[in-house]
Amino acid sequence: ATYALALKRAVAAPGMVSGTLPARLPGFARLRELLGRLLYDPDRGSGVIPYAIGSLEQGRCPLVAVGATRLHAAELLGKAGAAVDSSGGRPVS
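Residues numbered from 1 in each chain as written. Predicted model: local features only at pLDDT ≥ 70, side-chain atom pairs only at ≥ 80, totals over all residues. Heavy atoms only, no water.

Colleague: Mind laying out the overall build of the protein chain, listing which residues take part and the relevant values?
Modeller: When you go through the protein chain residue by residue, the secondary structure sums to 3 helices and 3 strands. Helices (α) and strands (β) of the protein chain occur, in sequence order from the N terminus, as α-β-α-β-β-α. Here the protein chain holds 93 residues, and the buried ones make up 41% of them. Considering only contacts within the protein chain whose residues lie at least 6 apart along the sequence, 63% involve residues at least 24 apart. Accessible area for the protein chain stands at about 5200 Å²; split by element, carbon and sulfur atoms hold 55% of it. (Helix = DSSP H or I, 4+ residues; strand = E, 2+ residues; numbered from the N terminus. Buried < 20%, exposed > 50% of the residue type's maximum accessible area, 1.4 Å probe, protein only. Contact = heavy atoms within 4.5 Å. Areas by Shrake-Rupley, 256 points an atom, 1.4 Å probe, with all protein chains shown as cover.)

Colleague: Talk me through the nonpolar core; I want residue IDs and the actual numbers.
Modeller: Judged by nonpolar contacts, the single largest core of 20 residues is most densely connected at Leu31, Leu35, Leu38, Val48 and Val84. Beyond its immediate sequence surroundings of up to four residues, Val48 is in contact with Leu35, Leu38, Leu39, Tyr40, Val64, Ala65, Leu76, Leu77 and Ala80. Counting 5 residues, the second largest nonpolar core, distinct from the first, contains Ala13, Met16, Tyr51 and Val66. (Core = buried A, V, L, I, M, F, W, Y, C linked by side-chain atoms within 4.5 Å.)

Colleague: Can you explain the confidence of the model for the protein chain? Please cite residues and give values.
Modeller: When pLDDT is averaged along the protein chain, the result is 84; 84% of the residues meet or exceed 70. Per-element mean pLDDT across the protein chain ranges from 69 in helix H1 (residues 2-11) up to 93 in strand S2 (residues 47-50). (pLDDT = per-residue confidence, 0-100.)

So, in structure tokens, the structure goes:
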């Protein structure tokens, strides 16, 4: 929780939601491929920021989604989960 709050301050995001992406992936390169434009872009000021990516091999990865509002951030987090589920991430049962 402390890391997520530090990220929010660092990117000056008005809306933030954190969560855990349930997916077993071989590494960050695959996650980056699946998330694509959902990843945080400083020019847009919104997107998802994965952290503690070493846990991907165990089937999870914490994310912070930042957006214009908390609802926008929650939508981004949901889209990230859907992108991994529909594009090759193997959800943990």
